[in-house]
Amino acid sequence: MDLRFDLDPAVTPGLTDGIRTLWADVSNAGGAVGFVPPVTAEDIRPDLLAHLVAISEERARLVVGRDERDRVLATAFLHLNTRRLMKHWLWAYTVMVHPALQGQGAGTALMAAVEEAARSIGGIEGIRLTCRGGTGLDAFYASCGYKEIGRAPRAIRVADDDFRDDITMWRELV
């Protein structure tokens, strides 16, 4: 499936509903995007609101992937650093692709759009993100040019007896 990626689309009710629905679909399919299933689109609202506030304050940018019917099927939030010694890199958060598109190249296309967006922001030399261990995401990000730069063992608890590593990945842009 071909997706059209946009940087900083207009934040409309349709866009926010699409992101909340995508986020819930990804979470309920077992995606590692900050929730453990089951969740509803309404459960997502506070986390999405935090990203939207950062966008409104020009501390974050949004990459959205949509299909030919304008459905939101991929996202990544790019958060800029406010610390003066770290303004040369940004964080990629809530990187997700609809579960129906897994294995079809949509994730790779999203990461290429993230890289293109980061390069378009003046002075950005790197992208940092974290991922949940035990999901294979670290191998996926490595295939997109990221390298593991840190790992906190058992830092993520997805159930009472299920802990995962928190893996930090880095993509050099220079």
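In the block above lies the structure referred to throughout.
What counts and how
Starting afresh in each chain, residues are numbered from 1 along the sequence in its written order. Residues qualify for local features only when their pLDDT is at least 70, as the model is predicted, and side-chain atom pairs are given and counted only at 80 or more; totals for whole chains, interfaces and linings, by contrast, use all residues. Water and hydrogen atoms were dropped before computing side-chain values, which therefore reflect all heavy atoms in the structure. Here a strand is any run of E in DSSP of at least two residues, a helix any run of H or I of at least four, and the numbering for each starts at the N terminus. For the radius of gyration, the atom set is restricted to C-alpha positions; the globular benchmark scales as 2.2 Å times the number of residues to the power 0.38. Only protein chains enter the calculation, and the probe is 1.4 Å; a residue is then buried if its accessible area is under 20% of its type maximum, exposed if over 50%, and partly exposed in between. By definition, residues are in contact when any of their heavy atoms lie within 4.5 Å. Reported accessibility uses the Shrake-Rupley method at a 1.4 Å probe radius. Residues are deemed covered only where the shown protein chains occlude them. Asp and Glu count as negative and Lys and Arg as positive, but His and the ends of the chain are not part of the count. For this purpose, a charge sits on NZ of Lys, CZ of Arg, CG of Asp or CD of Glu. To estimate the expected span of a helix, count its residues, drop one, and scale the result by 1.5 Å. A pair is scored as a salt bridge if a Lys or Arg side-chain nitrogen falls within 4 Å of a carboxyl oxygen belonging to Asp or Glu. Note on terminology: a nonpolar core comprises buried Ala, Val, Leu, Ile, Met, Phe, Trp, Tyr and Cys residues joined through side-chain atoms within 4.5 Å. In this analysis, rings of Phe, Tyr and Trp, with Trp reduced to its six-membered ring, are considered paired at centre separations within 6.5 Å, and the interplanar angle assigns stacked below 30 degrees, edge-to-face beyond 60, and tilted for intermediate values.

## A closer look at the overall build of the protein
What the protein contains, in helices and strands, is 4 helices and 7 strands. Going from the N terminus to the C terminus, the protein shows its helices and strands as β-α-α-β-β-β-α-β-α-β-β. Taken over C-alpha atoms, the radius of gyration comes to 15 Å for the protein, in line with the 16 Å a tight globule of 174 residues would show. Expressed along its principal axes, the backbone C-alpha trace of the protein runs to roughly 40 × 40 × 30 Å. Looking at the protein as a whole, 43% of its 174 residues are labelled buried. Partitioning the intrachain contacts of the protein with sequence separation of at least 6 by distance along the chain shows that 59% fall at a separation of at least 24. As presented, the protein carries roughly 9,100 Å² of accessible surface, and 50% of it is formed by carbon and sulfur atoms. Within the protein, the 24 negative side-chain charges are centred at a point lying 4 Å from the centre of the 20 positive side-chain charges.

## Focus: helix H3 (residues 106–120)
In this model, H3 (15 residues) spans 21 Å end to end at C-alpha, consistent with the 21 Å of a helix rising 1.5 Å per residue. Of the residues making up H3, those classed as buried are Ala106, Leu110, Met111, Ala113, Val114, Glu115, Ala117 and Ala118.

## Side note on the pattern of salt bridges
Overall, the coordinates contain 15 salt bridges when judged by the stated rule. A salt bridge links Arg4 to Asp70; the shortest N-O distance between them is 2.8 Å. With Arg4 in strand S1 (residues 4–7) and Asp70 in the loop between strand S2 (60–66) and strand S3 (72–80), the pair connects residues that are 66 residues apart, well separated along the chain. Residue Arg119 is joined to Glu115 by a salt bridge in which the shortest nitrogen-to-oxygen separation is 2.9 Å. Residue Arg119 and its partner Glu115 are both found in helix H3; the two are separated by 4 residues, about one turn of the helix. Residue Arg119 is classed as partly exposed on the basis of its relative accessible area, which comes to 43%.

## A few points about helix H1 (residues 13–28)
Taking 1.5 Å per residue, 16 residues should reach 22 Å; H1 reaches 22 Å between its end C-alpha atoms and fits that length. Burial in H1 covers these residues: Leu15, Thr16, Gly18, Ile19, Arg20, Leu22, Trp23, Ala24, Val26 and Ser27. In this structure, the buried side of H1 is in contact with helix H2 (41–56), S2, S3 and strand S4 (89–97). Gly30 occupies a position one or two residues after H1 and carries a positive phi of about 95°.

## Quick look at the nonpolar core
One finds Leu110, Ile127, Tyr141 and Tyr146 to be the most contacted residues of the largest nonpolar core, which totals 29 residues. Among the secondary structure elements, those contributing two or more residues to this core are S3, S4, H3, strand S5 (126–132) and strand S7 (162–172). For this core, the element with the most residues is H3, which contributes 7 residues. Not counting the four nearest positions on each side in its chain, Ile127 is found in contact with Leu90, Ala92, Val114, Glu115, Ala118, Tyr146, Met169, Trp170, Arg171 and Leu173.

## Quick notes on the packing of aromatic side chains
Taken as a whole, this structure holds 6 aromatic pairs when the rule is applied. With a centroid separation of 5.4 Å and 65° between ring planes, the pair formed by Trp89 and Trp91 is classed as edge-to-face. Here Trp89 falls in the buried class, since its relative accessible area comes to 6%. You can call Trp91 buried: its relative accessible area is 17%. Between Trp91 and Tyr93, the ring centres sit 5.6 Å apart and the planes meet at 10°, which makes this aromatic pair stacked. Put simply, the rings of Trp89, Trp91, Tyr93 and Trp170 touch in pairs and so form one group of aromatic residues.

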